[in-house]
Amino acid sequence: MRQEIFSAVSFVSGLLRHRKTLSPDELDRFSRSLFEVLMTRYSNHWFPEHPFKGSAFRCIRIVKCRLDPVVVSAATLAGISESKLVECMPSELTLWVDPNEVSYRFGEDGSIGVVECQPPRDIYDNCRNEHLKHTSEFTDVMSTVIAV
């Protein structure tokens, strides 16, 4: 959960940094606040075994320059006015923060892009173990061939 939230916050911070409306200090405060707000909000709505369960709850939306309440909470916590944040945010943005994937869409009809996508840990471990198994089998076969 931490990695996905970090990726989402980094994505939003990158958008804000590009617009150059917030000072570096304001951007840092907002990023930290957004991370804190999302960690608290998602703590009981995170289901790695069912990544799409709770997806609507974890969705962050900006529609017609109206900021998602989560973003407003983070701005308030950081001491940044909502109006100042509206100036530097895209007018339409959807951000989905799900287990193993963070994705976004600009506008209502835009393509969906992926910010962060990582394989579930158990799949990675299974692939790694399978690879090690085949590598050791290959080594055993090669040892036999060399010995003959």
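First things first, this report covers the structure right here in the doc. No experiment lies behind these values; they were computed from the predicted model shown.

1. Description of the pattern of salt bridges
Next, step 1: Per the stated rule, a full pass over the model turns up six salt bridges.
Next, step 2: When the shortest N-O distance is used, the salt bridge between arginine 29 and aspartate 25 registers 2.5 Å. Residue arginine 29 and its partner aspartate 25 are located together in helix α2 (residues 24-42), separated by four residues, close to a single helical turn.
Next, step 3: Between arginine 58 and aspartate 98 there is a salt bridge; the shortest N-O distance is 2.8 Å. Taken together, the residues arginine 58 in helix α3 (residues 55-58) and aspartate 98 in strand β2 (residues 93-98) connect sequence positions 40 residues apart. Residue arginine 58 shares its accessibility class with aspartate 98, and that shared class is buried.

2. A word on the packing of helix α1 (residues 2-19) against α2
Next, step 1: Two elements in contact, α1 and α2, have axes whose closest approach is 10 Å; the angle formed by their N-to-C orientations is 145 degrees. Taken as a pair, α1 and α2 cross one another with a handedness that is right-handed. In this structure, α1 uses Arg2, Ile5, Phe6, Val9, Val12, Ser13, Leu16 and Arg17 to contact α2, whose residues at the interface are Leu27, Phe30, Ser31, Leu34, Phe35, Leu38, Met39 and Tyr42.
Next, step 2: In the contact of α1 with α2, the residues fall into twelve nonpolar, two polar and two charged.

3. Quick look at α2
In an α-helix, one turn spans 3.6 residues, which is why side chains three or four residues apart end up on the same side.
Next, step 1: Given a rise of 1.5 Å per residue, 19 residues ought to cover 27 Å, and the 27 Å separating the end C-alpha atoms of α2 matches this to within 8%.
Next, step 2: Considered for burial, the residues of α2 that qualify are Glu26, Leu27, Phe30, Ser31, Ser33, Leu34, Phe35, Val37, Leu38, Met39 and Tyr42.
Next, step 3: Buried-residue contacts for α2 involve α1, α3, β1 (60-62), α4 (69-78), α5 (82-88) and β2.

Calculation criteria
Residues numbered from 1 in each chain as written. Predicted model: local features only at pLDDT ≥ 70, side-chain atom pairs only at ≥ 80, totals over all residues. Heavy atoms only, no water. Salt bridge = Lys/Arg side-chain N within 4 Å of Asp/Glu carboxyl O. Helix = DSSP H or I, 4+ residues; strand = E, 2+ residues; numbered from the N terminus. Buried < 20%, exposed > 50% of the residue type's maximum accessible area, 1.4 Å probe, protein only. Axes fitted to C-alpha atoms, helices over the stretch in contact; angles between N-to-C directions. Left-handed = near helix turned anticlockwise from the far one by under 90°. Contact = heavy atoms within 4.5 Å. Nonpolar A, V, L, I, M, F, W, Y, C, P; charged D, E, K, R; others polar. Expected span 1.5 Å × (residues − 1).

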